[in-house]
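Residue-level structural notes
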Amino acid sequence: MAMATRTLSFVLPTSLSSQPSLDRRGGFRVSVIRCSASPLTFSSSGVAEKPWISYNARLVLEDGSIWPAKTFGAPGTRIAELVFNTSLTGYQEILTDPSYAGQFVLMTNPQIGNTGVNPDDEESGQCFLTGLVIRNLSISTSNWRCTKTLADYLTERNIMGVYDLDTRAITRRLREDGSLIGVLSTEQSKTDDELLQMSRSWDIVGIDLISDVSCKSPYEWVDKTNPEWDFNTNSRDGKSYRVIAYDFGIKQNILRRLSSYGCQITVVPSTWPASEALNLNPDGILFSNGPGDPSAVPYAVETVKELLGKVPVYGICMGHQLLGQALGGKTFKMKFGHHGGNHPVRNNRTGQVEISAQNHNYAVDPASLPEGVEVTHVNLNDGSCAGLSFPAMNVMSLQYHPEASPGPHDSDNAFKEFIELMKRSKQSS
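Here's a quick rundown of the structure. (Residues numbered from 1 in each chain as written. Predicted model: local features only at pLDDT ≥ 70, side-chain atom pairs only at ≥ 80, totals over all residues. Heavy atoms only, no water.)

1. Structural notes on a nonpolar patch on the surface
The condition that has to hold: A patch consists of residues exposed above 30% relative accessible area that lack any salt bridge, with like charges linked at up to 9 Å and nonpolar side chains (Val, Leu, Ile, Met, Phe, Trp, Tyr) linked at up to 5 Å. Note that accessible areas follow from Shrake-Rupley with a 1.4 Å probe, and for residues the cover is restricted to the protein chains shown. The term salt bridge refers to a side-chain nitrogen of Lys or Arg lying within 4 Å of a carboxyl oxygen of Asp or Glu. Secondary structure counts use DSSP, requiring at least four H or I residues in a row for a helix and at least two E residues in a row for a strand, with both numbered from the N terminus.
Taken together, the side chains of Val353, Ile355 and Leu380 define a hydrophobic patch exposed on the protein surface, amounting to about 220 Å² of accessible area. Position of valine 353 relative to the elements: it lies in strand E20 (residues 353-365).

Structure (structure tokens):
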């Protein structure tokens, strides 16, 4: 292989001001900067090779569309449901959110990777999504907490990533047609038709995704929100409440917020018997967020049913959907779901609008709920049910993520409401 190098020279004024600087003799002071251009690499035929990455991956969607891409992260071929997320920041929290199991996440923010990654922004111990789809991959990182690049991070965790796609066009397609099953592949030996058939032979509906993301045995959670990031400290009464948190794919910042509000938390697996939870004498029970179809986990619905009316319960996202089913309601798959940190939600009890962080593909049908169950929150983008209350059984729930990691903190007071619910229950017992 032959190589050629060019040296470039630039003559620049030494001053960065709008007026060129003069030396004592009245002439311009100049600086000559020489730098070597990237060496050109030539093939054996004498043709210069491209000094940039070629399109070496494909995203093939079940509707037949094929999107050439460039790869970063792990190689291979993966199949998943493609959804889009409108968050402007917080890609590391999204990567480690267990609710994204079984999905490719497309970020609508055009540039990702600017801040690298760090050990403080993780929502769980690993990445659960199947792949990341972005427009531009930042070529540099600029954050004081950064410890490595996004590409290195994904490679270490065996997660695929692709970039240089028209993410706006793909997002418009998802909004018009709904979430689509897709295949990401870096394997050139696989034909487009083979990848298309793969995408059409798999479905995320009806699959139990909770079992793979839930913890395997109970453990105590003790970490609070870092004081540097804490807020709402004046709204706490300082008392301690014993909470059992069912792990359907729980995020660490949900646990930190509960702990910061004075809760002693025991996290239990998704299959933990209701009788065992009650034997721990909790003041309240949290049903966490999690991935997939709530109808695919009837064992979890039965557990929720057994606990209703025994102690105050709080459902978040998947927990909200399971509560809806346990109360006699129905859930349905949304067209393309809610994924982002900018969803407006109206609190029907106060009339206030909160900007919320959301990540779910299923919703509770409010028309199917029995008498006495109140819809407390409504998503203003589409009118879907975003929160429930059933005072007769000390039940409250939200369809979105009140800890907002990533996202705004408008809904953090929901944790205080759960504390008040447990407090009233203890006083009346």
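After that view of the structure, there is still more to cover.
2. Digging into the packing of aromatic side chains
To keep it simple, the criterion reads: Only rings of Phe, Tyr and Trp enter the pairing, Trp through its six-membered ring, and a pair is recorded when the two centres are within 6.5 Å. The plane angle decides the type: under 30 degrees is stacked, over 60 is edge-to-face, the rest tilted. When a residue's accessible area, from a 1.4 Å probe over protein chains only, is under 20% of the maximum for its type it is buried; when over 50% it is exposed; and in between it is partly exposed.
Scanning all chains against the criterion turns up eight aromatic pairs. An angle of 40 degrees between the planes, with centres 5.6 Å apart, marks the rings of tyrosine 246 and phenylalanine 287 as tilted. With tyrosine 246 in strand E15 (residues 241-246) and phenylalanine 287 in strand E17 (residues 284-287), this residue pair connects regions lying 41 residues apart in the sequence. Judged by its relative accessible area of 0%, phenylalanine 287 is buried. Taking 5.2 Å as the distance between ring centres and 45 degrees as the angle between the ring planes, the aromatic pair formed by tyrosine 314 and phenylalanine 418 counts as tilted.

3. Examining the sheet that holds strand E6 (residues 66-73)
Here is the rule we go by: Any two strands with at least two DSSP-identified bridges between them are counted as paired. The angle between two axes is taken between their N-to-C directions and runs from 0 to 180 degrees, where each axis is a line fitted to C-alpha atoms and a helix contributes only its stretch in contact. Two residues form a contact once any of their heavy atoms are found within 4.5 Å.
What the seven strands build is a closed barrel, ordered E5-E6-E12-E10-E8-E7-E13; its pairing is mixed. The mean angle between the axes of side-by-side strands here comes to 35 degrees, regardless of whether they run parallel or antiparallel. As paired strands, strand E10 (residues 131-133) and strand E12 (residues 160-163) are joined by three bridges and run parallel to one another. Following the sheet pairing, valine 133 is matched in E12 by valine 162. Here helix H3 (residues 167-177) sits on the sheet in contact with strand E5 (57-61), E6, strand E7 (77-85), strand E8 (103-107), E10 and strand E13 (180-185), set at roughly 80 degrees to E7.

4. A few points about the nonpolar core
Our working rule: Joining through side-chain atoms within 4.5 Å is the link that ties buried Ala, Val, Leu, Ile, Met, Phe, Trp, Tyr and Cys residues into a set, and such a set is a nonpolar core.
Core analysis: the largest hydrophobic core is formed by 29 residues, its most contacted members being Tyr246, Phe248, Ile285, Phe287, Leu308 and Leu322. Elements that contribute at least two residues to this core include exactly E15, helix H7 (274-279), E17, helix H8 (298-307), helix H9 (318-326) and strand E22 (385-390). Leaving out residues up to four positions away in the same chain, phenylalanine 248 has contacts with Ile210, Val213, Ser270, Phe287, Ser288, Asn289, Gly290, Pro291, Ala300, Met318 and Leu322. Grouped together as the second largest cluster of nonpolar side chains are 28 residues, Leu258, Cys263, Met396 and Met422 included.

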